[in-house]
Amino acid sequence: MKRFSILPVVVLMASFWACGLQNTEGNDNGGGQDVQGIQDTNTVQHPQFYALYQAYFNTCANCHAPGAMGRTPDIEKSLDFSTADTAYATLKGQAQGLTGNVQACNGTPFIGQTYETSLLAAVLDGAVRAKFNAGSCTSDEVTDMTVKAGQPPAHFLESLKQWIDAGAP
Ligand code: HEC
């Protein structure tokens, strides 16, 4: 009896394996995300950003991610640091949903023409913050995110500057 009972298991495993193959194919041809290769592009097409994410930006997900533990109602609403992919995509947008004093920064791009004119740099680098002036969004309205996320590792800001000044590839 023991010998025979193995067969259904083998058949079952084989069909799971086949299903897996099918799904992979299906996703490659179907789901909009995979067609553009968004899930796979970071290490290949955005290596500089991927390194920044691994070094520090992943900690921002403690608050800036759907359902994050540290998320509060007054948080900036568009940033999503869940993965390097979502971080890269949402950092290309503009601040949204800020309330109170900081609402003056709504509509400000996170990444400007240069490091010095980027809201992303202003929330991390005190020197940039002090001189920041993007319309109504000035140093008074920009919050120091290192208070919330901890200090970035050594040379992180230099790497961030290189990435932004290269056009945030
Ligand atoms: C403990 C929770 C928390 C963490 C961690 C955190 N943030 Fe925030 N962030 C907030 C809240 C709340 C706001 C909105 C209110 C404010 O500006 O203080 C905000 C606002 C922002 C804004 C808009 C700021 C403005 O003043 O216009 C940016 C940009 C931002 N965060 C980036 C980051 C980045 C990058 C990291 C990681 C290095 C990070 N945040 C980590 C809670 C957090």
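In what follows, the structure referred to is the one given above.
Residues numbered from 1 in each chain as written. Predicted model: local features only at pLDDT ≥ 70, side-chain atom pairs only at ≥ 80, totals over all residues. Heavy atoms only, no water.

A.B. asks: Teacher, can you tell me more about the coordination of the iron atom of the ligand here?
C.D. replies: The coordination sphere of the iron atom of the ligand, as far as protein atoms go, consists of His 64 (NE2) and Met 145 (SD), spread over 2.0 to 2.3 Å. Metal-centred angles of 87 to 179 degrees between the six donor atoms at the iron atom of the ligand mark the site as octahedral. Remark: Met 145 occurs in the loop between strand S2 (137-138) and helix H8 (146-149) and His 64 occurs in the loop between helix H4 (47-55) and helix H5 (84-91); sequence separation between them is 81 residues. Note on His 64: relative accessible area 10%, which makes it buried. Given a relative accessible area of 22%, Met 145 falls into the partly exposed group. (Donors = N, O, S within 2.8 Å, 3.2 Å for Na, K, Ca; no water. Tetrahedral: all angles 85-135°; square planar, octahedral: opposite > 155°, others 65-115°. Helix = DSSP H or I, 4+ residues; strand = E, 2+ residues; numbered from the N terminus. Buried < 20%, exposed > 50% of the residue type's maximum accessible area, 1.4 Å probe, protein only.)

A.B. asks: Can you help me understand the layout of surface pockets in this one?
C.D. replies: Over the atoms a probe the size of a water molecule is rolled, and this reveals where empty space is left. Taken as a whole, the largest pocket spans an internal volume of roughly 590 Å³. In terms of lining, the largest pocket is formed by 31 residues, of which the most central are His 64, Glu 76, Thr 143, Met 145 and Lys 148. The set of elements that each furnish at least two residues to the lining of the largest pocket consists of helix H6 (119-122) and H8. Within the lining of the largest pocket, the residues separate by chemical class into 20 nonpolar, seven polar and four charged. (1 Å grid on protein atoms, 1.4 Å probe; cavity = no way out; pocket = protein on both sides within 12 Å on 5 of 7 lines; lining within 4 Å. Points joined across faces, edges and corners; volume = space filled by probe spheres on them. Nonpolar A, V, L, I, M, F, W, Y, C, P; charged D, E, K, R; others polar.)

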